[in-house]
Structure formats: structure tokens, C-alpha cells
Amino acid sequence: MGQKKDLTGSEKSKIVRYLAEACSSLKIAKLLKRDHRTIKRFIQNSQQGRKKRVEKPRCKITAHELRKVKRAAAKMPLATSLAIFQSCNITGVPKSTRCAILRDMAKVRKAERRPPLNKTHKLKRQDWAKKYLKTDFSKVLWTDEMRVSLDGPDGWARGWIGKGQRAPVPLRRQQGGGGVLVWAGIIKGELVGPFRVEDGVKLNSQSYCKFLEDTFFKQWYRKKSASFKKNMIFMQDNAPSHASKYSTAWLARKGIKEEKLMTWPPCSPDLNPIENLWSIIKCEIYKEGKQYTSLNSVWEAVVAAARNVDGEQIKTLTESMDGRLLSVLAKKGGYIGR
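Here the structure is a predicted model, which means the values were calculated and not measured.

Glancing now at helix H2 (residues 25-32). Among all positions of H2, only Ser-25, Ile-28, Ala-29 and Leu-32 are buried. Axial view of H2: buried residues confined to an arc of 100 degrees, hence all on one face. Backbone geometry just after H2 places Lys-33 at a positive phi near 55 degrees.

Bringing the nonpolar core into the picture now. Counting 38 residues, the largest nonpolar core has Trp-128, Trp-142, Val-148, Met-262, Ile-281 and Ile-285 as its most contacted members. If you list the elements that add at least two residues to this core, you get helix H7 (119-131), strand E2 (140-149), strand E4 (179-187), strand E6 (233-235), helix H12 (274-285), helix H13 (295-307), helix H14 (311-318) and helix H15 (321-330). The greatest single-element share of this core, amounting to 7 residues, is contributed by H13. In contact with Val-148, other than residues within four places in its own chain, are Gly-179, Val-180, Val-182, Ile-285, Tyr-286, Val-298 and Val-302.

Turning next to the environment of Gly-185. Tracing the sequence through the fold places Gly-185 in strand E4. If we skip the residues at most four places from it in the chain, Gly-185 touches Leu-141, Trp-142, Thr-143, Glu-190, Leu-191, Val-192 and Ile-274.

For the rest of this paragraph, the subject is the pattern of salt bridges. What the rule picks out here adds up to 10 salt bridges. Via salt bridges that share partners, Lys-210, Asp-214 and Lys-218 belong to a single interconnected network.

On to a negative patch on the surface. Judged by side-chain charge, Asp-310, Glu-312, Glu-319 and Asp-322 come together as a negatively charged surface patch. As for its position among the elements, Asp-322 is in helix H15.

Okay, the side chain of Glu-145 next. Relative to the elements of secondary structure, Glu-145 occurs in strand E2. A polar contact of 2.8 Å, which involves the side chain of Glu-145, links it to the side chain of His-242.

Now for the side chain of Ser-205. Mapped onto the fold, Ser-205 is located in helix H8 (residues 205-219). Classification of Ser-205 by relative accessible area gives buried; the value is 12%. Not counting the four nearest positions on each side in its chain, Ser-205 is found in contact with Pro-240, Ser-241, Ser-244, Tyr-246 and Ser-247.

So, on to the environment of Thr-215. Within the secondary structure layout, Thr-215 lies in helix H8. When its relative accessible area of 9% is taken as the criterion, Thr-215 is described as buried. C-alpha of Thr-215 to C-alpha of Trp-183: the two residues are 32 residues apart in sequence and 9.5 Å apart in space. A polar contact of 2.6 Å, which involves the side chain of Thr-215, links it to the backbone oxygen of Phe-211.

Within E2, 10 of the 10 residues are buried, leaving the element largely enclosed by the surrounding structure. Burial of E2 is two-sided: the residues Val-140, Trp-142, Asp-144, Met-146 and Val-148 facing one way and the residues Leu-141, Thr-143, Glu-145, Arg-147 and Ser-149 facing the other way are all buried. The sheet contact formed by E2 and E6 spans 3 bridges and is parallel. Each bridged residue has a counterpart across the sheet, and for Val-140 the counterpart in E6 is Ile-233.

Taken as a whole, this structure holds 15 aromatic pairs when the rule is applied. Taking 6.3 Å as the distance between ring centres and 70 degrees as the angle between the ring planes, the aromatic pair formed by Trp-142 and Trp-264 counts as edge-to-face. With Trp-142 in strand E2 and Trp-264 in the loop between helix H11 (245-253) and H12, the pair connects residues that are 122 residues apart, well separated along the chain. Per residue, the accessibility class of Trp-142 equals that of Trp-264, and both read buried. A ring pair is formed by Trp-183 and Phe-211, whose centres lie 6.3 Å apart and whose planes are at 70 degrees; its orientation type is edge-to-face. Within this pair, whereas Trp-183 is found in strand E4, its partner Phe-211 is found in helix H8, the two being separated by 28 residues in sequence. Each member of the pair, Trp-183 as well as Phe-211, is classed as buried. Members of the aromatic cluster, joined through ring pairs, are Trp-183, Phe-195, Phe-211, Phe-216, Phe-217, Trp-220, Tyr-221, Phe-228, Phe-234 and Trp-250. Above the ring of Phe-217, the side-chain terminus of Lys-254 is found at 5.2 Å from the ring centroid.

Here we take up the confidence of the model for the chain. The pLDDT averaged across the chain works out to 86; a share of 88% of its residues lies at or above 70. Note that residues 171-177 has pLDDT below 50 and, in this model, 13 contacts with residues that lie over four places away or in other chains.

In this section: unusual backbone geometry. Note the cis peptide between Gly-193 and Pro-194, where omega equals 5 degrees. Inspection of the secondary structure assignment puts Pro-194 in strand E5 (residues 190-196). The phi torsion at Asn-89 lies on the positive side, around 60 degrees, for a residue other than glycine. By the element assignment, Asn-89 lies in the loop between helix H5 (81-87) and helix H6 (95-103).

Where H8 meets H11, the closest approach of the two axes is 8 Å, and the angle between their N-to-C directions is 30 degrees. On the basis of the axis angle, H8 is roughly parallel to H11. When the axes of H8 and H11 are compared, the crossing they make is right-handed. Of the residues in H11, those touching H8 at Ser-205, Gln-206, Tyr-208, Cys-209, Leu-212, Glu-213 and Phe-217 are Tyr-246, Ser-247, Trp-250 and Leu-251.

Thresholds applied
Residues numbered from 1 in each chain as written. Predicted model: local features only at pLDDT ≥ 70, side-chain atom pairs only at ≥ 80, totals over all residues. Heavy atoms only, no water. Buried < 20%, exposed > 50% of the residue type's maximum accessible area, 1.4 Å probe, protein only. Helix = DSSP H or I, 4+ residues; strand = E, 2+ residues; numbered from the N terminus. Arc of directions from axis to C-beta. Core = buried A, V, L, I, M, F, W, Y, C linked by side-chain atoms within 4.5 Å. Contact = heavy atoms within 4.5 Å. Salt bridge = Lys/Arg side-chain N within 4 Å of Asp/Glu carboxyl O. Patch = residues over 30% accessible without salt bridge, like charges linked within 9 Å, V, L, I, M, F, W, Y side chains within 5 Å. Areas by Shrake-Rupley, 256 points an atom, 1.4 Å probe, with all protein chains shown as cover. Lys, Arg positive; Asp, Glu negative; His and termini not counted. Charge placed at Lys NZ, Arg CZ, Asp CG, Glu CD. Polar contact = N/O pair within 3.5 Å; in protein donor to acceptor, adjacent residues only side chain to side chain. Pairing = 2+ DSSP bridges. Phe/Tyr/Trp six-rings, centres within 6.5 Å; stacked < 30°, edge-to-face > 60°. Lys NZ or Arg CZ within 6 Å of the ring centre and 35° of its normal. pLDDT = per-residue confidence, 0-100. Axes fitted to C-alpha atoms, helices over the stretch in contact; angles between N-to-C directions. Parallel < 35°, antiparallel > 145°, perpendicular 65-115°, else oblique. Left-handed = near helix turned anticlockwise from the far one by under 90°.

As C-alpha cells, then:
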């Protein structure tokens, strides 16, 4: 037996009219001379299709509560919608409604990777570039610390940011938290370190100088010739433990003072070539989503990755300084790509 034809549009209209007249499906089948099961199936499908989704009434908030939400969003950058509403003591508002309300006054943003530069920062960066434009950078030791964690680099938070506001710069955890703090330096084509800061040690001026004495000075600097020490320029950033009077005086007693201690402009990680070395090492130790179960295992991975960085890679980084200085001058003190 051949397959019967589907119900036509006219037949469907008649079925709906007969149903309105309280006719049974069996009677409709006889009137239309169609199989009872076909009529019954159409009625069932139609009833399912006509079912309306029951939606909860959208929660509305008062104008006073709206002002409270706006103030909270301004005071709590990158907070979730739930945290913002809870801080205003507004409960029972579904997420969709919270987000719809916040979209009128804010937007979801990620934290900015680098702090914004003001006019003073830019001027100091330009002055620094002009001062060291004729420097022989093969004699500069570039140093810095890096924190490595068990689970990879700290993710950048996402959250609501009020319109017209800038996303805040996240705190870079160089101290505290579950990770290993690593110090290293690069000069010409040579890697100094890496050296591990003892777990639980907070780097203040005293502990920083003691760390340099036990690692950098005893294990590397002491072995260098007098002519090398005479010409080497020591670079460090403006972290409080680095730039304090105590640390500056201590380095001076070690012979690292005046022109041998490089001044450093504020907010300038992009000018330090060792930051690129940290990126190389982190890409290696965290490739394919690698995670670690202990601080010792992540430290061993850092040491192994550092050993795989050859002298030519390091030399490329240190030789990039002339270009960086020209770029920062061309950008009038603005950030450069690195």
C-alpha cells in the first residue's frame, strides 16, 4: 500500500474549526474521510506546539536601587553582576535581568595588561632613552624576578566596568601565593642564574640584598675579571626592595653605584629584554596546559627550560635595546611592542 498524503492546509483548518465546535477526533476523521490516527497525531502535535513557555515575570528594581547599582559598579571594577547586586543588598534578581540592567551603565572587560602611562611617565621614559642612547648595551646586566605557579600564568579577570572607566591593572604576585619566585639576569649572550628565592621569604630591602649576596655575587660576579666588573652596568627595576636607600647603599659598597647602576623609568617592563626571556620560559614550562604538583617540580622545569635557551636567543634580546630606545622616542614615551 502506498503512503497516504499528508494533511493539506485546508484539512488542517477544518480540523481546528471542528475542534472549536467540540467535535471528537473520531468524528473529525469520518467527516474528512481520513485515518483516525492521522487526525489524532495532528491534534497532539498542534497542542504541543501551542504550549507557551511559562516565563517568570521580569524582576524590576527601583530608581533608588538602580543608582546604588551604578555606584557599586564604579567602586567594584571587574566584579560579577551577582557581587555588585549583593553589595547593594538587592536579592532575587535573576542573572539575565542583572546583566540587562548593567549593560545600560557598564560593559564586560578584561583587566589591562599594562598600567596606563601618564604625562610624567612618558617624559621620564623619553629622558631615559635619550640618556642611554649611546650606551654599549653588551655591558649591561638586565635583571628581574618572575613568579611561576603550579597551574600556569595568572589569568586576567573579566568583569563589569562602568562606561568611561578604565579596566584596573591586576596585582602581579611577585610575593605571596602558591608559587616559586625566580631571579635571573642576562648580559650580552649569557644567562645569569636562574636563582630561586627561598620559599616563604618576602623580598624586602634586607632579604633582597642577602639574596643577591648568596647567589649573584658569590656564584657569578665574584668569578669575573676586574676589567669586567669595572665596565658592567647593573640594571634593576623600581620595585621597593630594589630602589630603597638601604639596597642602593648596599650595592654601592659592592662597587655598583653612580653610572654603574642604571636608572630606570617608571612603568617600563616593555623596555627590559629579560621580560621576553620570561615569556620564552613560561611558554615552555606550561605548553599543552602543563600543570605541576609541587613547587620543586615547577622549579626543575624552569631550570630545564632556561638551559634550553641558547646564547644566540639571549644575544638577540640584549641587542634589541637600540631599537627599543628609538621606538620609545618615536612614540613620545608610549609603550612599545615587545
